[in-house]
Amino acid sequence: MADTGKKNVLVIGGGAVGAIAALNLEIGGLATVTVVLRSNFKAVSEAGYSIESCDHGTFQGWKPSHVRNKVPDITRETLPPYDYVVLTTKNIPDIPPTISSLISPALPTENTHTTLVLIQNGLNIEKPILQSHPHTPVISGVSLIGSAETDPGTIIQDDKDRLFIGAFRNPHIPFDLESSKAREFVKIYSAGGKTDCAYSENVLYDRWRKLVYNACLNPICAITGLDTGRIRLAGGGIEGLVRPAMKEIVEAAAKKGVLLGEEVVGFMIEVDPLEIYLAPSMLADVRKGNFIEFENLLGEPLREGKAAGVPMPTLEVLYNICKTIQWRTKEARGLVEIPPKRNLGTQ
Ligand SMILES: NC(=O)C1=CN([C@@H]2O[C@H](COP(=O)(O)OP(=O)(O)OC[C@H]3O[C@@H](n4cnc5c(N)ncnc54)[C@H](OP(=O)(O)O)[C@@H]3O)[C@@H](O)[C@H]2O)C=CC1
Ligand SMILES: CC(C)(CO)C(=O)C(=O)O
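Everything numeric in this text was worked out from a predicted model, so none of it was measured.

### Quick word on the overall build of the protein
On a plain count of helices and strands, the protein comes out with 13 helices and 12 strands. The globule rule puts the C-alpha radius of gyration for 347 residues at 20 Å, and the 21 Å found for the protein is close to it. Across the 347 residues that make up the protein, the buried fraction comes to 44%. A fraction of 72% describes how many contacts in the protein between residues 6 or more apart in sequence connect residues 24 or more apart.

This is the structure in structure tokens:
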């Protein structure tokens, strides 16, 4: 590959968030982007993306520099290591493949060159990677974008791309190195001038704050089938479910040393204008018959809060309902076997 001075970036998961990240990185001119696609590979490789973006405008047939239908195996293909691997798949630890095995062809476990950027919701998502790839700098991307893939390769981004980037702490790597990688990524992501991408010192604060929304509104909307506007209109939705759930997250965060302040609850309830009727990503996944990210969005903060002694009755119920929804999807996809139906008939 010719040396263009650009960073060589692999985006794994070119869906709602990954497609906009890839477009944004290419537009900035400081990165050459390869995107790994799965269900939308045929659509995008043949006709490109169709994108309607509140930040970037309208694109018909846009393609990143390279598209792949599998994570490139850099050893077998004798490719130079990527500078950044950006992971924008859903993060679903209860469904294979694991994130560590997904990234490994492009990011061998002994890697020291490539920086991994996780633009994904949830808590503790870095932990399995710090185990499997102990010398890889791992960067957190907390995204506040609103984006959806409505058909394969068709992306509608209707809320601005705001991204907080910071280093997850890896005891094997000097913090200066990790934070310089994070700052460099902010530079290449911000170069197009269309997004609001900022370096953040306090990754844990960013993640717990976002969980006030994602651990509560995502499952409640996914379970009820209602978007965030309709949840506010439906009697009992906010006072009976959303507010108590959010208070439990705020209390759990405080026990973990992250002080969010009570006012974050009211702020998150109203953060989406009611009339945009926003469907959080977990509701979008249930509607598509996809698996849901309930373990990282809900299970991890629930486990941390309970271990710290916080009563979390609302989140506990939401968690168990989500677990049964996940089982329903597993059954629909033939991943679980159930005893055959018994016909009681005549005795
Ligand atoms: N959408 C949003 O507005 C926001 C989302 N987020 C977070 O961003 C992350 C990404 O979400 P989002 O973009 O919405 O998700 P999408 O489902 O739209 O996109 C994920 C993409 O990753 C692909 N993918 C999943 N697993 C693999 C695999 N093993 N190999 C190759 N490709 C794979 C999916 O393919 P396939 O279609 O085959 O499953 C899909 O194209 C999540 O953690 C989400 O919580 C954060 C803020 C806002
Ligand atoms: C609510 C939203 C769109 C905020 O960025 C999100 O994080 C999600 O849908 O999971």
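### Some words on helix α1 (residues 16–28)
For α1, with 13 residues, the first-to-last C-alpha span of 19 Å sits near the 18 Å given by 1.5 Å per residue. Burial within α1 is extensive, with 12 of its 13 residues counted as buried. One or two steps after α1, the chain reaches G29, where phi turns positive at roughly 80°.

### What about the site of ligand 1?
Looking at ligand 1, there are 26 residues lining it, with G13, G15, V17, R38 and S39 nearest. Breaking the shell around ligand 1 down by element, the ones donating at least two residues are α1 and β9 (146–151).

### Some remarks on the nonpolar core
Core analysis: the biggest nonpolar cluster contains 52 residues, and V11, V85, L87, L116 and I139 have the highest contact counts within it. Ranked by the residues each element gives to this core, the list is headed by α1, at eight residues. Look past the residues within four positions of L87 in its chain and what remains in contact with it is I12, G13, I99, I103, L116, V117, L118, I119 and Q120. Counting residues in hydrophobic clusters, the runner-up holds 41 residues, among them A222, L260, V286 and F294.

### A look at the site of ligand 2
The full set of residues close to ligand 2 is N121, L144, I145, G146, Y213, N214, N218, P280 and S281. Within the shell around ligand 2, the residues separate by chemical class into four nonpolar, five polar and no charged. Of the domains in this structure, domain 1 (7–201) and domain 2 (206–332) are the two that each give at least three residues to the shell around ligand 2.

### Concerning the domain arrangement of the protein
When the domains of the protein are assigned, the result is domain 1 (7–201) and domain 2 (206–332). Taking only C-alpha atoms, the centre of domain 1 and the centre of domain 2 are 25 Å apart. Domain 1 puts 18 residues into the contact, and the matching count from domain 2 is 15 residues. Sorting the residues of the side of domain 1 that touches domain 2 by element identifies β8 (138–143), β9 and β11 (162–167) as the ones contributing at least two each. In terms of residue class, the side of domain 1 that touches domain 2 is built from eight nonpolar, eight polar and two charged.

### Some details on the confidence of the model for the protein
Of the residues in the protein, 99% have a pLDDT of 70 or more, and the chain-wide mean is 96. Predicted as a complex, the structure gets a pTM of 0.97 and an ipTM equal to 0.98.

### Examining unusual backbone geometry
Omega for the peptide link from P96 to P97 comes to 0°, which places this bond in the cis form. Mapped onto the elements of the fold, P97 is located in the loop between β6 (84–87) and α3 (99–103). With a phi angle near 65°, N124 is a residue other than glycine that sits in the positive phi range. Position of N124 relative to the elements: it lies in the loop between β7 (115–119) and α4 (127–132).

### Section: the pairing of β8
Counting buried residues in β8 gives six out of six residues, a clear majority hidden from the surface. Direction of pairing for β7 relative to β8: parallel, over a ladder of four bridges. The residue bridging L118 from the neighbouring strand is S140, located in β8. In this view, the connection linking β7 to its parallel neighbour β8 by way of α4 has right-handed handedness. By the bridge criterion, five bridges tie β8 to β11 in an arrangement that is antiparallel. Counterpart to S143 in the pairing with β11 is L163.

### Regarding the sheet that holds strand β4 (residues 57–62)
The four strands lie next to each other as β4-β3-β10-β9, forming an open sheet whose pairing is mixed. Lying at the two open borders of the sheet, with one neighbouring strand each, are β4 and β9. Within the sheet, the average angular offset between the axes of one strand and its neighbour, ignoring direction, is 15°. One ladder, built from five bridges, connects β9 with strand β10 (residues 154–159); its direction is antiparallel. Bridging from a neighbouring strand, G146 pairs with D159 of β10. Each of β3 (49–53), β4, β9 and β10 touches α1; the most contacted strand, β9, lies at about 110° to it.

Analysis parameters
Residues numbered from 1 in each chain as written. Chains lettered and ligands numbered in written order. Predicted model: local features only at pLDDT ≥ 70, side-chain atom pairs only at ≥ 80, totals over all residues. Helix = DSSP H or I, 4+ residues; strand = E, 2+ residues; numbered from the N terminus. Rg over C-alpha atoms; globule rule 2.2 N^0.38 Å. Buried ≥ 20, exposed ≤ 12 C-beta atoms within 10 Å, placed from the backbone. Contact = placed C-beta atoms within 7 Å. Expected span 1.5 Å × (residues − 1). Near = placed C-beta within 6 Å. Core = buried A, V, L, I, M, F, W, Y, C linked by C-beta atoms within 7 Å. Nonpolar A, V, L, I, M, F, W, Y, C, P; charged D, E, K, R; others polar. Domains from an automatic or database assignment. pLDDT = per-residue confidence, 0-100. Pairing = 2+ DSSP bridges. Right-handed = clockwise from strand over helix to strand, strands pointing away. Axes fitted to C-alpha atoms, helices over the stretch in contact; angles between N-to-C directions.

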